[in-house]
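# Coordinate inspection notes
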Amino acid sequence: MSGRKPRSVANPLESAITTPSERILKECHSLYVDSDNGLVKIANSLGVRLLPPRKKIVVMIMGNHSAGKSSFINWYVEEHIQKTGVAIETQGFTFITSGRKRESLTGNATLHLYPHFRPLLEFKGALDYLSAEISTSKQKKFSLVTFIDTPGLVDGDMIYPFDVNSAITWLGQQSDLIFVFFDPMGQALCKRTLNIVERLSDTCGDKLLFYLSKADEAGKETDRQRVMMQIVQELCRRPGLNKCGFEMPTIYIPNPQKPSRCVNQIDGVCQTIEKAINQAVQKTLNQLEKDCDLISASISSRLEKDKSDVSYNKSVRLYSLLYGAMGIFLPLLFIFSFIVNTFVKEHLEELIGEGLAKILSNLTVIVLYLWEWIPEDGQVVVVILFMASCYLLLFLAKHFSRQRNKTLSKKEKRSLAEYNEYIQDIVKTKKGKLYEWYLQQCAAEYDL
Ligand SMILES: Nc1nc2c(ncn2[C@@H]2O[C@H](COP(=O)(O)OP(=O)(O)OP(=O)(O)O)[C@@H](O)[C@H]2O)c(=O)[nH]1
Ligand SMILES: [Mg+2]
């Protein structure tokens, strides 16, 4: 099929400024959402629901109030996007993502940008505390990451305007990575944080990563060790959390004015994000292959079903014709026999010729013989029964004519064959090339 070609998203200028992972994710995404030949559209026409892959990974940062969540995002993006400070600064959810223009979006606009987060509406009151910040920053891997900054968690009398525990848990389930920040200050052992972490570890244990943030404020090395022990002990006390070996890297925002002797593992956080991006690229390419196979299998089964429908319709049509013919022929023969009988043999021969008259009289003689065989007082009943049987035959003919299954038109069959060809020849070939290119890029990076 020469007409169908996936629209390539990368023009030469764009490919020069985007990373290989970004390009692959974009190209895969466009293979799904293309308005003419998108996989989502093709799958939809076959009754299969496909979700386009995300172009970015989602990293949610949660933790105690003032743990340094917003500061970490600002540091990563290298722009002061999120308000930071000792007061409770972040009260809602903010999506921080890269874009062409610096922009701040409110709740409704945010949900337009992220339609798959629409179920957030079920958390009453959360919409008013939802926003998005679009930044033009290209620092680190920000072009492939959407951060979710979450409200600072505290115990006690603090009233949240929505069910914060459930909303964070739900958002965590939608994310690719969940960073939990514990700072060495007073709130380190906030019960609310531990409760949410415990709930999340049930379903997303592999995405949960713990960090001791603001580690430069922990004082001496011994103090830091003590704080860390306390946090780990508190976490392990929870039945749902004591199964895994804990890792809690110490991180802090580097401050040239305030150098610290404490080990800073903040670069490890960036590496974790990069690893998740690479995994997302591989997952997206693998999913593309699976979705192609799913569509091809659906097309084959649709064509197979159509074949059996066609042969079923043939047999049903035959039954319908047979019953219909009998339902019409038998009463006609009955009436005709009596009409023919009223003619004198010679008159009939004169009228239609000797040969035809002989055939007709042979045909009608059987009917007349049967008719005479019926006792006179039962003839009315027999006529009624005969008419009822003819009606039944016509009814059966109609019934079978309605039993036909809908089959594919020639045009539909041709477009299914074209879809299959497009999936096998173009999409799969493209996927193979992207994979090859991705592996080449990886090898090139590691070889350097
Ligand atoms: N020394 C030090 N201070 C930090 C670090 N990270 C953040 N801070 C400070 O800690 C305070 C709180 O930081 P935020 O980033 O607002 O913390 P948050 O977790 O977003 O707080 P909420 O939004 O209220 O939950 C601010 O005054 C920051 O300047 C760090 O690594 N080291
Ligand atoms: Mg904050």
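Residues numbered from 1 in each chain as written. Chains lettered and ligands numbered in written order. Predicted model: local features only at pLDDT ≥ 70, side-chain atom pairs only at ≥ 80, totals over all residues. Heavy atoms only, no water.

## A closer look at the packing of aromatic side chains
Counted under the stated rule, the structure contains 23 aromatic pairs. A centroid spacing of 6.4 Å and a plane angle of 55° characterise the contact between Phe-123 and Trp-170, whose relative ring orientation is tilted. In this pair, Phe-123 is assigned in the loop between α5 (107-113) and β4 (130-135) and Trp-170 in helix α6 (residues 164-174), connecting sequence segments 47 residues apart. One aromatic cluster is present, built from ring pairs that chain together Phe-72, Trp-75, Tyr-76, Phe-142, Phe-147, Phe-179, Phe-181 and Tyr-211. Lying over the aromatic face of Trp-437, Arg-23 brings its terminal NZ or CZ to 4.8 Å of the ring centre. (Phe/Tyr/Trp six-rings, centres within 6.5 Å; stacked < 30°, edge-to-face > 60°. Helix = DSSP H or I, 4+ residues; strand = E, 2+ residues; numbered from the N terminus. Lys NZ or Arg CZ within 6 Å of the ring centre and 35° of its normal.)

## Looking at the environment of Leu-333
With respect to the element layout, Leu-333 can be found in helix α9 (residues 266-342). The exposure class assigned to Leu-333 is buried, which follows from its relative accessible area of 17%. Note: C-alpha distance between Leu-333 and Leu-105 (228 residues apart in sequence) is 83 Å. (Buried < 20%, exposed > 50% of the residue type's maximum accessible area, 1.4 Å probe, protein only.)

## Some thoughts on the UniProt feature "transmembrane region" (unreviewed entry) in the protein
UniProt marks residues 321-344, 356-374 and 380-397 with the feature "transmembrane region" (unreviewed entry), using the numbering shown here. In residues 356-374, the share of helix is 95% and the share of strand is 0%. The end C-alpha atoms are 28 Å apart. Here residues 380-397 runs as 100% helix and 0% strand, with 26 Å between its end C-alpha atoms. (UniProt positions renumbered as here; feature names shortened; annotations may be inferred.)

## A look at the side chain of Asn-165
Structurally, Asn-165 can be placed in helix α6. The class for Asn-165 is buried, based on a relative accessible area of 16%. In this structure the side chain of Asn-165 is engaged in a polar contact, spanning 2.8 Å, whose partner is the side chain of Arg-192. The contact partners of Asn-165, leaving out residues within four places of it in the chain, are Arg-192, Ile-196 and Arg-199. (Polar contact = N/O pair within 3.5 Å; in protein donor to acceptor, adjacent residues only side chain to side chain. Contact = heavy atoms within 4.5 Å.)

## Some thoughts on the nonpolar core
Formed by 55 residues in total, the largest nonpolar core has its most connected members in Leu-39, Phe-72, Tyr-76, Phe-147, Phe-179, Ile-273 and Ile-295. Going through the elements one at a time, α2 (20-33), α3 (39-45), β1 (57-63), α4 (69-77), β5 (145-149), β6 (177-182), α9 and α13 (410-447) are the ones with two or more residues in this core. Considering each element in turn, this core owes the most residues, 13 residues, to α9. Setting aside chain neighbours within four positions, we find Ile-295 in contact with Leu-39, Ile-42, Ala-43, Leu-46, Leu-50 and Ile-423. By size, the runner-up hydrophobic cluster in this structure holds 43 residues, among which are Met-62, Ala-126, Ala-132 and Leu-153. (Core = buried A, V, L, I, M, F, W, Y, C linked by side-chain atoms within 4.5 Å.)

## Points about the packing of α9 against helix α12 (residues 379-402)
Here α9 crosses α12 at 155°, and the two axes come no closer than 7 Å. What the angle tells us is that α9 and α12 run roughly antiparallel. In terms of crossing hand, the pair formed by α9 and α12 is left-handed. Mapping the contact onto sequence places Val-316, Tyr-319, Ser-320, Tyr-323, Gly-324, Met-326, Gly-327, Ile-328, Leu-330, Pro-331 and Phe-334 in α9 and Val-383, Phe-386, Cys-390, Leu-393, Leu-394, Leu-396, Ala-397, Phe-400 and Ser-401 in α12. Across the contact of α9 with α12, the residue classes tally to 16 nonpolar, four polar and no charged. (Axes fitted to C-alpha atoms, helices over the stretch in contact; angles between N-to-C directions. Parallel < 35°, antiparallel > 145°, perpendicular 65-115°, else oblique. Left-handed = near helix turned anticlockwise from the far one by under 90°. Nonpolar A, V, L, I, M, F, W, Y, C, P; charged D, E, K, R; others polar.)

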